[in-house]
Amino acid sequence: MRRFIPAVAVALLLTSAAAADDKAVVEFYGKRTVTIAVGFSPGGNYDLYARLVGRHIGRHIPGNPTVIVQNMPGAGSRRLANTLANVGPHDGTMIGLPNQGIAMDQALGTDGVKFDARKFNWIGSPIEDNNVFWGWHTNPVKTIEDARQREFIVGATGPGSPTTYYPRIMNELLGTKFKVVSGYPGSNELDFAIEKGEVGGRVVSWTSLKITSDWIATGKANVMLQFGLRKTAELPKVRMLQDLATNAKHREIFEFLCLVPAMGRPFFMPQGVPAERVAAVRAAFAATMKDPAFVDDVRRARLDISPLTGEEIAQVVARKFNAPDDVRAVGKKVME
């Protein structure tokens, strides 16, 4: 009995503390507006996910705050990450949605990084994304094996982009003959260049390829390869980059580079936010992913839902920093 009474007392104290935290979270968010800052201009895939989450997550955050979306493009989302990390606010009223490569920028020592992604409070992602490499249907290069035999002109935006570093790593380790033509401002310009025959294909998010055209449905886009940690269910016969590795070290390098799309569309709160508010927003995000109204909106937008938790994103981030030095050195070389 003497052992039982203290145990009951401890349980009551923990329950009371949790109830006090819940009440404090409700009181905090019930009086405030939450901003989702997205590191891209309006109209793109990231912006769309931010607005869909913003439309529904407020119902699931204790206190039901108003949620608005703010666009903060610039420097590959480093402007967004730097601002949230160093300026804040750090009270739980600001959520960021940066480029999926933001943690890789830090892991590889990219200029302009003034944040520590390992300290961010990762909230979750609505999708586990894969990138794909595809070519226009009239292009004679149909497979990666073909690309070892003849030149394939690849359209790209610039250094540090998957449109550039995936073809470069395949040239270096697989002997392909991709000629990367960079400098295109964005996806629309790249797609137009492919239609005109300026370039033969490109790397892009599988989700983006599906929703921005009818090229998959009409067979105009020939998907040759996918990049991620596991195959997307819709492309069971398309190989992963890792499948082409000829030795363990090359496979390790390929998996390291595929940690970028594995972040999906990663929502985070900056360091310093009280733990109870982080927990509440994580729970609200998870509830939003199952909300029938949110799911209907996502389906109408022709987007996918395959959620990741904040903890899962944090694990992907940790893998980038824990990679061997020689693997990170190769990653840095192809991304420069």
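What you are looking at is a predicted structure, and each value in this text was computed from that prediction instead of being measured. (Residues numbered from 1 in each chain as written. Predicted model: local features only at pLDDT ≥ 70, side-chain atom pairs only at ≥ 80, totals over all residues. Heavy atoms only, no water.)

Before going further, it helps to examine the packing of helix 6 (residues 162-174) against helix 13 (residues 325-335). Viewed as axis vectors pointing N to C, helix 6 and helix 13 meet at an angle of 120°, and their least axial separation amounts to 9 Å. Between helix 6 and helix 13, the interaxial angle falls into the category oblique. The element helix 6 and its partner helix 13 pack so that their crossing is right-handed. Counted together, Y165, R168, I169 and E172 of helix 6 and V330, K333, V334 and M335 of helix 13 form the full contact between these two elements. Considering only residue class, the contact of helix 6 with helix 13 consists of five nonpolar, no polar and three charged. (Axes fitted to C-alpha atoms, helices over the stretch in contact; angles between N-to-C directions. Helix = DSSP H or I, 4+ residues; strand = E, 2+ residues; numbered from the N terminus. Parallel < 35°, antiparallel > 145°, perpendicular 65-115°, else oblique. Left-handed = near helix turned anticlockwise from the far one by under 90°. Contact = heavy atoms within 4.5 Å. Nonpolar A, V, L, I, M, F, W, Y, C, P; charged D, E, K, R; others polar.)

Our next topic: helix 3 (residues 78-86). All buried positions along helix 3 are accounted for by R78, L80, A81, N82, L84 and A85. The inward-facing, buried residues of helix 3 abut strand 1 (33-38), strand 3 (94-97), helix 4 (102-107) and strand 10 (267-269). One or two positions beyond helix 3, positive phi appears at G88, with a value near 90°. (Buried < 20%, exposed > 50% of the residue type's maximum accessible area, 1.4 Å probe, protein only.)

Before going further, it helps to examine helix 2 (residues 45-56). With twelve residues, helix 2 should cover 16 Å at 1.5 Å per step; its first-to-last C-alpha distance of 17 Å lies within 8% of that length. Burial analysis of helix 2 places nine of its twelve residues in the buried class, which makes it a mostly covered element. Residues of helix 2 that are buried include every one of N45, Y46, D47, Y49, A50, L52, V53, G54 and H56, and no others. (Expected span 1.5 Å × (residues − 1).)

The subject of this paragraph is the pairing of strand 9 (residues 221-227). A large share of strand 9 lies buried, amounting to six of its seven residues. Pairing analysis gives six bridges linking strand 5 (residues 131-136) to strand 9, with the strands arranged antiparallel. The partner of N131 across the bridge, within strand 9, is F227. (Pairing = 2+ DSSP bridges.)

Let us look at the side chain of T93. By the secondary structure assignment, T93 is in the loop between helix 3 and strand 3. In terms of polar contacts, T93 uses its side chain to reach the side chain of D91, at 2.6 Å. If near-sequence neighbours (up to four positions away) are discounted, T93 is found in contact with F28, R32, T33, V34 and T35. (Polar contact = N/O pair within 3.5 Å; in protein donor to acceptor, adjacent residues only side chain to side chain.)

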